[in-house]
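Chain by chain, the residues run as shown.
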Amino acid sequence: MKPAVILLSGGLDSATVLAIAREAGYACHALSLDYGQRHNAELAAAARVAASLGAVEHRVLKLGLGDFGGSALTDASIAVPESPTTGIPATYVPARNTVMLALALAWAEVLGARDLFIGVNAVDYSGYPDCRPEFIAAFEQMANLATRAGVEGARLRVHAPLQYLSKAQIIQRGLELGVDYAQTVSCYQADVDGHACGVCDACRLRRQGFIAAGIPDPTRYAHTME
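Quick look at the structure, then. Quantities reported herein were computed from a predicted structural model and do not represent experimental measurements. Residue numbering note: each chain is counted from 1, following its sequence as written. Only residues with pLDDT of 70 or above have their local features reported here, since the model is predicted, and side-chain atom pairs are shown and tallied only from 80 upward, although totals for entire chains, interfaces and linings are computed over all residues. The side-chain figures draw on all heavy atoms in the structure; neither hydrogens nor water molecules are used.

**Topic: the pairing of strand S1 (residues 3-7)**
The cut-offs for exposure are 20% and 50% of the maximum accessible area for each residue type, with area from a 1.4 Å probe on protein chains only; residues under the lower value are buried, those over the upper are exposed, and the others partly exposed. Working definition: helices are DSSP H or I runs of at least four residues, strands are E runs of at least two. Numbering for both runs from the N terminus. Burial analysis of S1 places 4 of its 5 residues in the buried class, which makes it a mostly covered element. Viewed with both strands pointing away, a crossover whose connecting path from the first strand over the helix to the second turns clockwise is right-handed. The parallel pair S1 and strand S2 (residues 27-34), bridged by helix H1 (residues 12-23), forms a crossover whose chirality is right-handed. Being paired, for any two strands, means DSSP has found at least two bridges between them. In this structure, S1 lies alongside strand S4 (residues 115-117), joined through 2 bridges in parallel fashion. Counted as the bridge partner of Val5 is Leu116 from S4.

In structure tokens, the structure reads:
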């Protein structure tokens with residue numbers, strides 16, 4: 001089994017990507033980042049998902065993006081939007097996917113892995129610039145220029161298998177692969193027990209996905225959702 005590094009946030013998308021990588025025959029090394037987000041419920045979810053989906057290893061790195069602030073996810077003084085907005089939302093974390101992929105790349109070199117997996121999506125998403133196909137392609141090109149592995153001829157690949165799927169399609173694919181979405185946490189402002197608020201952008205997209213897929217929503221909400 002070839003090793004691969006999978007970025008695992010504990011949310012719906014990254015859990016699905018881990019299942020896809022496992023099904024493809026990779027030995028999955030899951031990497032989660034404690035980057036100063038509002039809650040740790042998603043990190044607890046990542047540990048559950050890594051265990052249930054057979055990750056070879058799961059590591060959590062502490063990363064101080066919260067020291068910079070600039071996002072509703074890392075700065076308590078910035079409110080998480082609870083209704084749709086236009087443009088790039090306040091929940092965008094500056095350079096988050098760039099930094100996380102760079103760390104995954106570093107670990108991949110140590111492991112001798114040539115494959116990185118990330119759960120970005122450009123269909124049902126919040127409009128973050130670092131979720132676009134152009135970004136993934138550019139990062140892959142950079143990875144092959146900036147590393148010893150790439151320079152010595154070992155082609156590095158960044159896999160984004162959810163890139164062009166709707167949320168409903170992602171959910172359907174994950175269920176085919178045995179993902180238990182009740183274990184995941186997507187909410188931007190979940191409580192300490194992982195209960196979702198039901199009104200943030202992540203919750204809306206997730207809930208709409210289950211409705212579109214015609215599948216009962218297993219999300220644990222802090223309040224009853226109609």
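The discussion continues.
**What about the sheet that holds strand S5 (residues 157-159)?**
Judged by pairing direction, the sheet is parallel, and its 5 strands sit side by side in the order S3-S2-S1-S4-S5 without closing on themselves. Across the chains shown, the open sheet's two edge strands, defined by having one partner strand only, are strand S3 (57-62) and S5. The average undirected angle you get between the axes of adjacent strands in this sheet is 25°. Two residues form a contact once any of their heavy atoms are found within 4.5 Å. Helix axes are fitted only over the stretch in contact, all axes being lines through C-alpha atoms; the angle between N-to-C directions runs from 0 to 180 degrees. The strands touched by helix H2 (residues 41-52) are S2 and S3; relative to S2, the strand with the most contacts, the crossing angle is about 175°.

**Remarks on H1**
The terminal C-alpha atoms of H1 lie 17 Å apart, and with 12 residues this matches the ideal 16 Å at 1.5 Å per residue to within 8%. Counting buried positions over the 12 residues of H1 gives 10, a clear majority of the element. As for H1, its buried residues are in contact with S1, S2, H2, S4, helix H6 (167-176) and helix H7 (201-213). Immediately downstream of H1, the backbone of Gly25 shows phi near 100°, a positive value. Expected span of a helix: the number of residues minus one, times 1.5 Å.

**Points about H7**
At 3.6 residues per turn, the α-helix brings residues three or four places apart onto the same side. With 13 residues, H7 should cover 18 Å at 1.5 Å per step; its first-to-last C-alpha distance of 18 Å lies within 8% of that length. Of all 13 residues that make up H7, 10 are buried, and the element is covered over most of its length. Listed in full, the buried residues belonging to H7 are Asp201, Ala202, Cys203, Arg204, Leu205, Arg206, Arg207, Gly209, Phe210 and Ala213. At its buried positions, H7 is contacted by H1 and H6. Following H7 by one or two positions, Gly214 adopts a phi angle in the positive range, close to 70°.

**Focus: the pattern of salt bridges**
Definition used for salt bridges: Asp or Glu carboxyl oxygen within 4 Å of a side-chain nitrogen of Lys or Arg. One pass over the structure, following the stated rule, counts 8 salt bridges. In this structure, Arg173 and Glu176 form a salt bridge, with 3.2 Å as the shortest nitrogen-oxygen distance. With Arg173 and Glu176 both in helix H6 and 3 residues apart, the pair spans about one turn of that helix. Arg173 gets classed as partly exposed once you look at its relative accessible area, which sits at 29%. According to the relative accessible area criterion, Glu176 is exposed, its value standing at 59%.

**Quick notes on the nonpolar core**
In this text, buried Ala, Val, Leu, Ile, Met, Phe, Trp, Tyr and Cys residues form a nonpolar core when linked through side-chain atoms within 4.5 Å. In this structure, Leu101 and Leu116 are the most contacted members of the largest nonpolar core, which totals 43 residues. Top contributing element to this core by residue count: helix H3 (residues 96-111), with 6 residues. If we skip the residues at most four places from it in the chain, Leu101 touches Leu7, Leu116, Ile118, Phe135, Ile136, Phe139 and Val158. Ala4, Ala50, Ile170 and Leu177 belong to the second-largest nonpolar core, a separate cluster that totals 26 residues.

**What to know about the side chain of Thr91**
Checked against the element boundaries, Thr91 lands in the loop between S3 and H3. Accessibility expressed as a relative area gives 2% for Thr91, which makes it buried. We define a polar contact as two N or O atoms separated by no more than 3.5 Å, with the added condition that, inside protein, one atom must be a possible hydrogen donor and the other a possible acceptor, whereas residues neighbouring each other in sequence contribute only through side-chain atom pairs. Within polar-contact distance, the side chain of Thr91 engages the side chain of Tyr128 at 2.6 Å. Excluding residues within four positions of it along the chain, Thr91 makes contact with Ser71, Ala72, Leu73, Val80, Pro81, Tyr128 and Tyr188.

None of this, on its own, says anything about what the molecule does.
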